[in-house]
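So you can see what is in the structure, the chains are spelled out below.
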Amino acid sequence: MAFSGLRRGLRWFVLVILSLLAFSFSVIALIFFQQDRIINKAVSILNEDFSGRVELKDSHISPFKQFPYVSIDLENLEVFEGKDAESELILHVNDAYIGFDLLSVLSGRYDIKSIDLDSGFFKLVQHSDGSFNIGNALSSDKDITPSDTPSESLHLDLQRIKLRNIDLLKLN
């Protein structure tokens, strides 16, 4: 009698564990298949909203890099001060890991919880008028109203920023 109760409890335990694993793999698969759309949307929003330009070479899913968040690795991320081809390069990072919360992705919101920048440089320049290059790149002439923001959009809810092998250059 006690053996059948133990067997039943073990069966429920295994069922719950398998359900959690299936759920996790489903969410990771959802992000994997949606990553190109997410990244293309984010880069186009950044390039449309800001005065600077953002470019990247490639991206891929990195499910355990920033556990408990699921990450997308942006390879060779570059930020330029302006949109023209002669604009000064401000930031170059070999790998930028952007961490998303699993539950927010399932609800259609892409809450960025963590950013991990690995191997690169950040060149901060103060111009003669007192402005900084990063301020110029991230400035916008566009007025953003709540009706402009789509329901399925990127949100910053940063819990962690990690810099590894990043050179900071400051020039006056």
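Please refer to the structure placed before this passage.
The structure contained in this document is the topic of the report that follows. It should be emphasised that the depicted structure is a prediction, and the values quoted were computed from it without experimental measurement.

Rules used throughout
Residues numbered from 1 in each chain as written. Predicted model: local features only at pLDDT ≥ 70, side-chain atom pairs only at ≥ 80, totals over all residues. Heavy atoms only, no water. Buried < 20%, exposed > 50% of the residue type's maximum accessible area, 1.4 Å probe, protein only. Helix = DSSP H or I, 4+ residues; strand = E, 2+ residues; numbered from the N terminus. Pairing = 2+ DSSP bridges. Salt bridge = Lys/Arg side-chain N within 4 Å of Asp/Glu carboxyl O. Phe/Tyr/Trp six-rings, centres within 6.5 Å; stacked < 30°, edge-to-face > 60°. Lys NZ or Arg CZ within 6 Å of the ring centre and 35° of its normal. Patch = residues over 30% accessible without salt bridge, like charges linked within 9 Å, V, L, I, M, F, W, Y side chains within 5 Å. Areas by Shrake-Rupley, 256 points an atom, 1.4 Å probe, with all protein chains shown as cover. Contact = heavy atoms within 4.5 Å.

Before going further, it helps to spend a moment on the pairing of strand β5 (residues 110–125). Burial runs high along β5: 13 of the 16 residues are buried. Where strand β4 (residues 89–100) meets β5, nine bridges bridge the pair, whose relative direction is antiparallel. Considered in β5, the bridge of His 92 is made with Phe 121.

A complete count under the given rule lists four salt bridges for this structure. Between Arg 53 and Glu 55 there is a salt bridge, with the nearest N and O atoms lying 2.8 Å from each other. The partner of Asp 116 in a salt bridge is Arg 164, with the nearest N and O atoms 3.2 Å apart. Here Asp 116 is found in strand β5, whereas its partner Arg 164 is found in strand β6 (residues 154–171), with 48 residues between them in sequence. Among the residues examined, Asp 116 registers a relative accessible area of 3% and is labelled buried. Looking at Arg 164, the relative accessible area reads 27%, which means it is partly exposed. Overlapping salt bridges bring together Asp 116, Asp 118 and Arg 164 as one network.

Here the focus is the packing of aromatic side chains. What the rule picks out here adds up to zero aromatic pairs. Geometry around Phe 80 places Arg 53 over its ring, the cationic atom sitting 4.0 Å from the centre.

This next bit is on a nonpolar patch on the surface. Residues Leu 10, Phe 13, Val 14, Val 16, Ile 17, Leu 18, Leu 20, Leu 21 and Phe 25 make up a contiguous nonpolar surface patch of about 860 Å² in total accessible area. Within the secondary structure layout, Val 14 lies in helix α1 (residues 2–49).

Let's shift gears to the side chain of Ser 114. Within the secondary structure, Ser 114 sits in strand β5. For Ser 114, a relative accessible area of 0% puts it in the buried group. The contact partners of Ser 114, leaving out residues within four places of it in the chain, are Gln 66, Tyr 69, Tyr 97, Ile 98, Gly 99, Leu 158 and Arg 160.

Tracing the backbone through its elements, the reader meets Ser 59 in strand β2 (residues 58–66). Beyond its immediate stretch of four places on either side in the chain, Ser 59 contacts Gln 35, Asp 36, Ile 39, Ile 72, Asp 73 and Leu 74.

Note that all results are geometric; they support no functional claim without further evidence.
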